[in-house]
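Structure at a glance
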Amino acid sequence: MTMAHVFVNVLLSLTVAAVLIVGVVLMVRGRREHGRAAVLGLWGCVVLLAGIVLGVVRGYALPFLADALGMQSLSIVLVVESALQTLLTVVGTGLLIWAVIARRPPARDPRQPAWQPPPPPPPYQQPRQPPQPPGH
């Protein structure tokens, strides 16, 4: 693999990583409004970001691993790395899907202010007086 291939791999990975970092920021900002769904989406983006980092590390390390391990051992390392990459992709995507379908806290009516004063206490009721006979 030439340095041009590594550069293109890093460039494409940085593009996906930028999208995932924006996703992390949006999930953190939307945590109060969306609750558990935002936390699930946040973890999904983080797991997918870890997969991107693993792919970039593999791209840089592959020439060195080929020289150090030989092709027989390198194929075993690549199978393990591929399995880990697949696991991270499945888990990250699964978390994002779960975030989409997760129950959210009930939305408040946008016409109402966020804070409402408590209702007034019930009026004090006087004890009932027995009716007075007429003429007194």
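Read on for an overview of the structure. Keep in mind that what you see is a predicted model, and the values were worked out from it rather than measured. (Residues numbered from 1 in each chain as written. Predicted model: local features only at pLDDT ≥ 70, side-chain atom pairs only at ≥ 80, totals over all residues. Heavy atoms only, no water.)

1. A few points about the overall build of the protein chain
Check the secondary structure of the protein chain and you find 3 helices and 0 strands. The secondary structure elements of the protein chain, listed N-terminal to C-terminal, are α-α-α. Looking at the protein chain alone, contacts between residues at least 24 apart form 74% of all its contacts between residues at least 6 apart. Total accessible area computed for the protein chain in this model is approximately 10900 Å², and 70% of it derives from carbon and sulfur atoms. (Helix = DSSP H or I, 4+ residues; strand = E, 2+ residues; numbered from the N terminus. Contact = heavy atoms within 4.5 Å. Areas by Shrake-Rupley, 256 points an atom, 1.4 Å probe, with all protein chains shown as cover.)

2. Points about helix 1 (residues 3-29)
Taking 1.5 Å of rise per residue, the 27 residues of helix 1 would be expected to cover 39 Å, and the 38 Å separating its terminal C-alpha atoms lies within 8% of that figure. Those residues of helix 1 that sit buried are Val6, Val10, Ser13, Ala17, Leu20 and Gly23. Where helix 1 is buried, its residues contact helix 3 (36-101). (Expected span 1.5 Å × (residues − 1). Buried < 20%, exposed > 50% of the residue type's maximum accessible area, 1.4 Å probe, protein only.)

3. What about the side chain of Glu81?
Along the chain, the position of Glu81 falls in helix 3. Apart from the residues lying within four places of it in its own chain, the contact partners of Glu81 are Leu54 and Arg58.

4. Observations concerning helix 3
In an α-helix, one turn spans 3.6 residues; hence positions three or four apart end up facing the same way. Between the first and last C-alpha of helix 3 there are merely 11 Å, a value that for 66 residues lags more than 12% behind the 98 Å anticipated at 1.5 Å per step. Taking the largest bend as the criterion, helix 3 deviates by roughly 120°, centred on Gly70. (Bend = angle between axes of the 7 residues up to and from the residue.)

5. Topic: the packing of helix 1 against helix 3
Contact geometry of helix 1 with helix 3 gives a least axis separation of 9 Å together with a crossing angle of 165°. Put simply, helix 1 runs roughly antiparallel to helix 3. With respect to the hand of their crossing, helix 1 and helix 3 are arranged in left-handed fashion. Here Val6, Asn9, Val10, Ser13, Val16, Ala17, Leu20, Ile21, Gly23, Val24, Met27 and Val28 of helix 1 come into contact with helix 3, specifically with Ala38, Gly41, Leu42, Cys45, Val46, Leu48, Leu49, Ile52, Gly55, Val56, Gly59 and Tyr60. Split by residue class, the contact of helix 1 with helix 3 holds 18 nonpolar, 6 polar and no charged. (Axes fitted to C-alpha atoms, helices over the stretch in contact; angles between N-to-C directions. Parallel < 35°, antiparallel > 145°, perpendicular 65-115°, else oblique. Left-handed = near helix turned anticlockwise from the far one by under 90°. Nonpolar A, V, L, I, M, F, W, Y, C, P; charged D, E, K, R; others polar.)

The analysis is restricted to geometry; functional conclusions fall outside its scope.
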